[in-house]
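Residue-level listing of the chains:
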Amino acid sequence: MAKIETIGILTSGGDAPGMNAAIRAVTRAAICAGMKVKGIYRGYRGLLTDEIVDFRTQNVSNIIQMGGTILKTARCKEFQTTEGRQLAYDTIQRHKIDALVVIGGDGSLTGARIFANEYNFPIIGLPGTIDNDLYGTDSTIGYDTALNTIMECVDKIRDTATSHERLFFIEVMGRDAGFLALNGAIASGAEAAIIPEISTQVDQLAELIENGFRKSKNSSIVLVAESPVTGGAMGMAERVKNEYPGYDVRVSILGHLQRGGSPTAYDRILASRLGAAAIDALLDDQRNVMIGIKNDEIVYVPITRAIKNDKPIDQELLNTLRRLSI
Ligand code: F6P
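Residues numbered from 1 in each chain as written. Predicted model: local features only at pLDDT ≥ 70, side-chain atom pairs only at ≥ 80, totals over all residues. Heavy atoms only, no water.

(A) Representation of the sheet that holds strand β9 (residues 249–253) within the structure. The strand order β7-β8-β6-β9 describes an open sheet built from four strands, whose pairing is parallel. The open sheet has two edge strands with one neighbour each: β7 (192–194) and β9. The sheet shows a mean angle of 25° between the axes of neighbouring strands, taken without regard to direction. Docked against the sheet, helix α9 (residues 232–243) engages β6 (167–172), β7, β8 (220–225) and β9, running at close to 155° with respect to β6. (Pairing = 2+ DSSP bridges. Helix = DSSP H or I, 4+ residues; strand = E, 2+ residues; numbered from the N terminus. Axes fitted to C-alpha atoms, helices over the stretch in contact; angles between N-to-C directions. Contact = heavy atoms within 4.5 Å.)

(B) Region of the structure containing the site of the ligand. The immediate surroundings of the ligand are formed by Arg-75, Thr-129, Asp-131, Met-173, Gly-174, Arg-175, Glu-226, His-256 and Arg-259. In this structure, an oxygen atom belonging to the ligand sits 2.8 Å away from a side-chain N or O atom of Arg-259. Computed on the free molecule, the ligand has an accessible area of 400 Å², of which 74% lies beneath the protein chains in the complex. Spatially, the ligand is embedded in the largest pocket. (Near = heavy atom within 4 Å. Polar contact = N/O pair within 3.5 Å; in protein donor to acceptor, adjacent residues only side chain to side chain. Areas by Shrake-Rupley, 256 points an atom, 1.4 Å probe, with all protein chains shown as cover. 1 Å grid on protein atoms, 1.4 Å probe; cavity = no way out; pocket = protein on both sides within 12 Å on 5 of 7 lines; lining within 4 Å. Sits in = over half its atoms within 2 Å of the grid points.)

(C) Examining unusual backbone geometry more closely. Phi angles above zero are rare outside glycine, and Lys-96 is one such case at about 55°. Residue placement: Lys-96 occurs in the loop between α3 (82–94) and β4 (99–104). Take Lys-96: its relative accessible area is 62%, and that puts it in the exposed class. Unlike most non-glycine residues, Asp-285 shows phi in positive territory, near 65°. Following the sequence through the fold, Asp-285 ends up in the loop between α10 (265–283) and β10 (289–294). (Buried < 20%, exposed > 50% of the residue type's maximum accessible area, 1.4 Å probe, protein only.)

(D) Representation of the sheet that holds strand β1 (residues 6–11) in the model. Pairing is mixed across the open sheet formed by seven strands, whose spatial order is β3-β2-β1-β4-β5-β10-β11. The open sheet terminates on both sides in strands that have one partner only, identified here as β3 (52–55) and β11 (297–302). The mean angle between the axes of side-by-side strands here comes to 30°, regardless of whether they run parallel or antiparallel. Sheet strands in contact with α10 are β1, β4, β5 (123–127), β10 and β11, and its direction is about 135° off that of β10.

(E) The arrangement of the side chain of Arg-113 in detail. Along the chain, the position of Arg-113 falls in helix α4 (residues 106–119). An unpaired buried charge is present at Arg-113: no salt bridge exists, and Asp-106, the closest side chain of opposite charge, is 9.1 Å distant. If sequence neighbours within four positions are ignored, Arg-113 has contacts with Ile-303, Thr-304, Ile-307 and Lys-308. (Lys, Arg positive; Asp, Glu negative; His and termini not counted. Salt bridge = Lys/Arg side-chain N within 4 Å of Asp/Glu carboxyl O.)

(F) Expanded view of the nonpolar core. Grouped together as the largest cluster of nonpolar side chains are 64 residues, with contacts concentrated most on Ile-7, Leu-126, Leu-180, Leu-223 and Ile-291. Here this core spans two domains, since at least three of its residues come from each of domain 1 (6–142 + 263–308) and domain 2 (145–259). Those residues in contact with Leu-126, other than ones at most four positions away along the chain, are Ala-22, Val-26, Val-101, Val-102, Ile-103, Gly-104, Leu-109, Leu-274, Gly-275, Ala-278 and Ile-291. Ranked by size, the runner-up nonpolar core spans 27 residues in total, among them Ile-52, Cys-76, Tyr-119 and Met-290. (Core = buried A, V, L, I, M, F, W, Y, C linked by side-chain atoms within 4.5 Å. Domains from an automatic or database assignment.)

(G) Spotlight on the packing of aromatic side chains. If you walk through the whole model with that rule in mind, you get seven aromatic pairs. With a centroid separation of 5.6 Å and 35° between ring planes, the pair formed by Phe-79 and Phe-115 is classed as tilted. With a gap of 36 residues between them, Phe-79 in the loop between β3 and α3 and Phe-115 in helix α4 connect regions that are remote in the sequence. A residue is classified by how much of its surface remains accessible, and Phe-115, at 0% relative accessible area, is buried. Aromatic pair Tyr-89 and Phe-121: ring centres 6.4 Å apart, planes at 85°, arrangement edge-to-face. (Phe/Tyr/Trp six-rings, centres within 6.5 Å; stacked < 30°, edge-to-face > 60°.)

(H) Seen up close, the environment of Ser-139. Tracing the sequence through the fold places Ser-139 in the loop between β5 and α5 (143–164). Here Ser-139 falls in the buried class, since its relative accessible area comes to 6%. Taking the C-alpha atoms as reference points, Ser-139 and Leu-47, separated by 92 residues in sequence, lie 28 Å from one another.

None of this, on its own, says anything about what the molecule does.
Encoded structure:
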């Protein structure tokens, strides 16, 4: 396969803590391997508008501890069109970029797959999203930090919930996935998690209330994954008011604060390992794979599999939450 001399790196979709650590790792591992690095600003949009800067090792100094992404990010509608992708390809040719490293979630890697197939262009994906919803990796960059943020917030809300003897529905992000809600609930000792993965099989709210979940407690915290399927925290609170009056209910929607903050040690290490492995993968002639982590080992997952397969919720975690919240 043609030798890769210059790589482009971009972050796309929702930002996630640890993206900067990944940018640093990719840049420095590439330079160590004798490659040139170009930083592409504002995700795929930067390819359309030619916002590209040569990256040297100093460009990524002192960023490992920073949340967000120094490359900025965007959700780029134009890249979803063939004309947009043609423009992107022209820019790539002009800059003599031989391969791309794309850090992002489901939507970003979907864009990467289409582009890679259309132009037979080498792309390596890194899973960067707080949602942890990419198949083939135990964790995504940013998930652990978001989980810790959720845990800290719930700890605080618990103080007021206990003082007022209230039932709180706390909505967390995750798009269509319940990983943040489920593990956030376990980490914060919440009474339950309402997640989209099982919403169509069971009425989680009815199950909760009918099982007498507050019998021995004067306050309760339920984490609800944002999703049209769960109805979100507001939907749950409405239902309780109508179907189970008598509960003193409050809602808290954590929102975008879950995406910010300095990455945890786990996310920094994960991002560093995955970023360095992206360059190993290119040197190893791997193409169009996402770098993941499975049982603490680096794995290559075809991008098509990472985005097309639904990552399953671990039943053991659900059972643990249920058993520990009595
Ligand atoms: O994918 C990350 C995420 O934070 C989701 O959890 C959430 O649904 C979405 O992005 C919010 O996107 P935006 O910042 O564009 O509103």
